[in-house]
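One-letter residues, chain by chain:
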Amino acid sequence: MMIKKVFVAVLMTAALAGCETQTEGQQRATTGALIGGAGGALVGQAIGGNTKSTVIGAASGALLGAVVGSATTPQRRGEQLCRYRDRYDGSIYTAPCDDRYYRGDY
């Protein structure tokens, strides 16, 4: 039993250590996958009561958690790009969005 606890502790440490060099979006997706996988495994075990249900629940929860974690990453100002049309020659160019975008006046 002690070996299982040590193994789980080593895996968790390795998973968290890998988060140091990730972007915020990657960190949120990883955290969502870990939490979703654990929650999905618990729900799968509670519903099915066997290993197959637990694995399916863990995989589904991890996928859903990663998607939600990635999708809920807030955009910082200056990272969002908008398309503009030059008023003189009509050419279209891409540049960081101005304050009108963030206020909703676009």
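Residues numbered from 1 in each chain as written. Predicted model: local features only at pLDDT ≥ 70, side-chain atom pairs only at ≥ 80, totals over all residues. Heavy atoms only, no water.

(A) Expanded view of the packing of helix α2 (residues 24-48) against helix α3 (residues 51-71). The geometry of α2 relative to α3 is characterised by a closest axis approach of 5 Å and an angle of 150 degrees between their N-to-C directions. Accordingly, the angle class assigned to the pair α2 and α3 is roughly antiparallel. When the axes of α2 and α3 are compared, the crossing they make is right-handed. Here G25, R28, A29, G32, A33, G36, G37, G40, A41, G44, Q45 and G48 of α2 come into contact with α3, specifically with S53, T54, G57, A58, G61, A62, G65, A66, G69 and S70. (Axes fitted to C-alpha atoms, helices over the stretch in contact; angles between N-to-C directions. Helix = DSSP H or I, 4+ residues; strand = E, 2+ residues; numbered from the N terminus. Parallel < 35°, antiparallel > 145°, perpendicular 65-115°, else oblique. Left-handed = near helix turned anticlockwise from the far one by under 90°. Contact = heavy atoms within 4.5 Å.)

(B) Region of interest: the confidence of the model for the protein. Summarising the model, the protein shows a mean pLDDT of 80, and 72% of its residues fall at 70 or more. Highest mean pLDDT in the protein belongs to α3 (91); lowest belongs to helix α1 (residues 2-17) (61). (pLDDT = per-residue confidence, 0-100.)

(C) Representation of the side chain of T54. Structurally, T54 can be placed in helix α3. A polar atom in the side chain of T54 sits 2.4 Å from the side chain of Q45. Setting aside residues up to four positions removed in sequence, T54 forms contacts with A41, G44 and Q45. (Polar contact = N/O pair within 3.5 Å; in protein donor to acceptor, adjacent residues only side chain to side chain.)

(D) Highlighting α3. Look at α3: 30 Å from first C-alpha to last across 21 residues, which is about the 30 Å you get at 1.5 Å a residue. Along α3, the residues that are buried comprise T54, G57, G61, G65 and G69. Down the axis of α3, the smallest arc covering the buried residues is 80 degrees, so these residues share one side. Facing away from the buried side of α3 by over 90 degrees, the exposed positions are K52, V55, L63, L64 and A71. Where α3 is buried, its residues meet α2. (Expected span 1.5 Å × (residues − 1). Buried < 20%, exposed > 50% of the residue type's maximum accessible area, 1.4 Å probe, protein only. Arc of directions from axis to C-beta.)

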